[in-house]
Amino acid sequence: MTSDTPATPATIDAPRTIPIATVDDMRQRIRRKSKLKGRQPDDDALAVVRSLIGPPPESGHRRDLLIEHLHRINDAYGGLRDRHLVALAREMNIPMAEVFEVATFYHHFEVVRGDDALARITVRVCDSLACELAGASDLMARLPGILGSAGHDDVRVVAAPCIGRCEQAPAVAVNQRAVPLADTDAVMQAVIAESAPPDAASAAQPNPEARAVANFAPADFAGQSVTSPADARSVRPAFTDYATYRAHGGYALAASLAGPDADVEPVIQAMEASGLRGLGGAGFPAGRKWRIVREQPAPRLMAVNIDEGEPGTFKDRTYLERDPHRFLEGLLVAARVVGIDTCYIYLRDEYHDCRELLQAELARLRADPPCALPAIELRRGAGAYICGEESAMIESIEGKRGEPRMRPPYIAQVGLFGRPTLEHNFETLYWVRDIVERGPAWFSGFGRRGRQGLRSFSVSGRVKSPGVKLAPAGISLLDLIDEYCGGMQDGHTLHAYLPGGASGGILPARLADHPLDFDTLQEHGCFIGSAAVMVLGQHDRARDAALNVMRFFEHESCGQCTPCRVGTAKAAALMQAPVWDGETLEDLAQVMADASICGLGQAAPNPIRSVRRYFPEEIE
């Protein structure tokens, strides 16, 4: 056959047929491939999870509710068993690895394998500075033995970072029950109460202390102590309910702005003229923030930060548990002025009583609204200080690990779910009604030493009357102690103080006449932050306070960036030496300050540098 001879069927070899598998083999292969890889949920675990989180909507369970669903399981079982996490991943259509990494990020979730034992009751003993000064270490050492000898072997006692009750130090939490001014007897009584068989009454009210109703007007406390001696042991002080708030003019401002033709410009101008700055610590002018977010494209969202985990800070809790509606009205006004569609309130998990109160009063507000309400969602933190940082809080609201974002973009432009977001601290919104109704001059009229406005100081430590003090901006520590705190505790003279919580640095007594306000302490290597003032006496050492807060930073670092994760741990180890290695510590401090992603790592060096600068005799 020549090359140009056309091929015919007769001249082409028939193809060879090579059998690969039988029909039955192919069917078995298809069955194997149709099965999901990895661990599969069992029917019992799926039934449990479905009963706790409810049926999914047509579009499926919302991804951002992952942490809320984890709380439901954790509350029901005292922990997160791996089989329930597998079932939750299936129900939410999320990879198991993603569910696991979120669950293990937060301190208040305990993941256990199989049928490993879970403690029936967890006793958390706060070991932050104010509680340490009040004897928390001794309490922590004694409780396991005392509880064990009383037959409570299934009770777990753990150290916990600040739980936001520094004025009630030492503070303890027994499951969700707060124990202020704790001693072994008080903790034992709380454990016994938690061990009692559940009934309808106790399930509805975790803490048996009743709430009284009273009209609370914060402006009446200007120049006074908000925390009264009667509140010393109270975890449920008298509060303003919805009916009482409305009866005293509440929500009239919000209602006046509800119409489509309402002029909101005067409200922004009042906020700007008052000089109100963000009271979560950053101090950004509130009115300017409203304008910035208002200029962004819709839809716009709001995120409210009530995750006050800074050791020494408890002002937001103090105001919230006395009058939640003044805050809610501020939220409604801000939402109307800025044009907010949905508001997310992020409340720290340690504030169980506040969460119960806020849920109940939100329900009353929705049942009888004074005006059209935006969508309002209350989100529950899970024990992570880093979520007080605004972008980490946003990540947590979205149901993720609370890891700070890199900037830019800023959250005013790209925040929650990629939308422009107005972020505010609780107390900033708390003053909106008073500023607008009383006029901006009322708020800015307070002040000393050339400063303007009011500051809510959370004062703890070696003073006779700790608590929240509503004092003029620019007041000095000496004036604050003498005029608001009843002086130093008997047997103590002022040695040092932390003006802005754990991250604000440490100053010596000789600088106690310096004005306390934004932008007044930077020259001394410190800042006021959230105005959490912790006072040390002559029997205390600044170096011990610095070590306490550095251990806190080590525990609370999210671990995302190496300078913070490694630097805080290394610094805490070096600070335990009788004589500090100043050169190495300063190298660590510089790297943390320069290279950390967020304020935790950037501010962590402050106590190191403060001790080296002002208290060299304690470390050399």
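Above: the structure in question.
About the thresholds
Residues numbered from 1 in each chain as written. Predicted model: local features only at pLDDT ≥ 70, side-chain atom pairs only at ≥ 80, totals over all residues. Heavy atoms only, no water. Phe/Tyr/Trp six-rings, centres within 6.5 Å; stacked < 30°, edge-to-face > 60°. Buried < 20%, exposed > 50% of the residue type's maximum accessible area, 1.4 Å probe, protein only. Helix = DSSP H or I, 4+ residues; strand = E, 2+ residues; numbered from the N terminus. Contact = heavy atoms within 4.5 Å. Pairing = 2+ DSSP bridges. Axes fitted to C-alpha atoms, helices over the stretch in contact; angles between N-to-C directions. Salt bridge = Lys/Arg side-chain N within 4 Å of Asp/Glu carboxyl O. Expected span 1.5 Å × (residues − 1). Parallel < 35°, antiparallel > 145°, perpendicular 65-115°, else oblique. Left-handed = near helix turned anticlockwise from the far one by under 90°. Nonpolar A, V, L, I, M, F, W, Y, C, P; charged D, E, K, R; others polar. Core = buried A, V, L, I, M, F, W, Y, C linked by side-chain atoms within 4.5 Å.

Draft legend 1. Molecular detail of the packing of aromatic side chains. Applying the stated rule across the entire model yields 17 aromatic pairs. When the centroid spacing of 4.9 Å and the interplanar angle of 75 degrees are considered together, the rings of Phe105 and Tyr106 count as edge-to-face. Accessibility classification places Phe105 together with Tyr106 in one group, the buried group. Between Phe426 and Tyr430 the ring centres are 5.3 Å apart and the planes differ by 35 degrees, which places this aromatic pair in the tilted class. One end of the pair is Phe426 and the other is Tyr430, both in helix H18 (residues 426-430) and 4 residues apart, which spans about a single turn. Summarising the burial analysis for this pair, Phe426 and Tyr430 share the class buried.

Draft legend 2. Representation of the side chain of His424. Within the secondary structure, His424 sits in strand E11 (residues 421-425). Aside from chain neighbours lying at most four places away, what touches His424 is Ala286, Lys289, Trp290, Ala303, Val304, Asn305 and Leu429.

Draft legend 3. Quick peek at the sheet that holds strand E14 (residues 494-502). Spatially, 6 strands are ordered E7-E13-E12-E16-E14-E15 in an open sheet, and the strand pairing comes out mixed. Single-partner strands in this sheet number two, and they are strand E7 (224-225) and strand E15 (507-508). Together, E7, strand E12 (454-461), strand E13 (467-472), E14 and strand E16 (532-537) form the strand contacts of helix H21 (residues 477-484), whose direction differs from that of E13 by roughly 120 degrees.

Draft legend 4. Examining unusual backbone geometry more closely. Residue Pro299 is bonded to the preceding Ala298 through a cis peptide linkage, with omega at 0 degrees. Assignment of secondary structure puts Pro299 in the loop between helix H13 (286-294) and strand E8 (300-306). At the junction of Pro408 and Pro409, the peptide bond is cis and its omega measures out at 5 degrees in the coordinates. Examined against the element boundaries, Pro409 turns out to sit in the loop between helix H17 (390-397) and E11. The phi dihedral of Asp519 falls on the positive side, at around 70 degrees, and the residue is not glycine. Its location among the elements puts Asp519 in the loop between E15 and E16.

Draft legend 5. How the structure looks around the pattern of salt bridges. Per the stated rule, a full pass over the model turns up 48 salt bridges. Ionic pairing is found between Arg236 and Asp353, a salt bridge with its closest N-O pair at 3.0 Å. Of this pair, Arg236 sits in the loop between E7 and helix H10 (242-247) while Asp353 is found in helix H16 (residues 352-367), placing the two residues 117 residues apart along the sequence. This pair shows no difference in class: Arg236 is buried, exactly as Asp353 is. Across the pair Asp479 and Arg448 runs a salt bridge, and its minimum N-O distance is 3.5 Å.

Draft legend 6. Geometry of the pairing of E11. Where burial is concerned, most of E11 is hidden: 5 out of the 5 residues are buried. Relative to E11, E8 is paired through 5 bridges, and the arrangement is parallel. Paired with Ala303 across the strands is Glu423, a residue of E11.

Draft legend 7. Structural detail: the sheet that holds strand E9 (residues 340-347). Read from one edge of the open sheet, 4 strands run E10-E9-E8-E11, paired in parallel fashion. Edge positions in the sheet fall to strand E10 (375-380) and E11, since each of these pairs with one other strand and no more. Within this sheet the neighbouring strands show an average axis-to-axis angle of 20 degrees, counted without direction. Pairing between E8 and E9: 7 bridges, direction parallel. In the sheet register, Leu301 faces E9, and the bridge partner there is Thr342.

Draft legend 8. Representation of the environment of Glu295 in the model. Structurally, the position occupied by Glu295 is in the loop between H13 and E8. Separated by 211 residues in the primary sequence, Glu295 and Ile506 place their C-alpha atoms 40 Å from one another.

Draft legend 9. Quick look at the pairing of E8. Within E8, 7 of the 7 residues are buried, leaving the element largely enclosed by the surrounding structure. Where burial is concerned, the two faces of E8 agree: the one with Arg300, Met302, Val304 and Ile306 and the one with Leu301, Ala303 and Asn305 are both buried.

Draft legend 10. Molecular detail of helix H3 (residues 66-77). In this model H3 runs 17 Å from its N-terminal to its C-terminal C-alpha over 12 residues, within 8% of the 16 Å that 1.5 Å per residue would give. Among the residues of H3, those classed as buried are Leu66, Ile67, Glu68, His69, Leu70, His71, Ile73 and Asn74. Considering only its buried residues, H3 is in contact with helix H2 (43-53), strand E1 (80-81), helix H4 (82-92), helix H5 (96-103), E10 and H17.

Draft legend 11. Region of interest: the environment of Asp231. With respect to the element layout, Asp231 can be found in the loop between E7 and H10. We classify Asp231 as buried; its relative accessible area is 14%. The sequence separation of Asp231 and Asp349 amounts to 118 residues, and the corresponding C-alpha distance is 22 Å. Setting aside residues up to four positions removed in sequence, Asp231 forms contacts with Gln168, Val226, Pro237 and Arg322.

Draft legend 12. Here's a closer look at the packing of helix H7 (residues 136-149) against helix H8 (residues 184-195). The interhelical angle for the contact between H7 and H8, taken along N-to-C directions, is 50 degrees, at an axis separation of 11 Å. Overall, the two elements H7 and H8 adopt an arrangement that is oblique. Relative to H8, H7 is oriented so that their crossing is right-handed. Residues Leu139, Arg142, Leu143, Ile146 and Leu147 of H7 form the contact with H8, whose own contacting residues are Thr184, Val187, Met188 and Val191. Tallied by class, residues from the contact of H7 with H8 come to 7 nonpolar, 1 polar and 1 charged.

Draft legend 13. Here's a closer look at the nonpolar core. Counting residues in hydrophobic clusters, the biggest one holds 180 residues, and the most contacted among them are Val123 and Trp290. Looking at this core element by element, the count peaks at 9 residues for helix H15 (residues 324-338).

Draft legend 14. Representation of H21 within the structure. If you check which residues of H21 are buried, you get Leu477, Asp479, Leu480, Ile481 and Tyr484. On the buried face of H21, the contacting elements are E7, E12, E13, E14 and E16.

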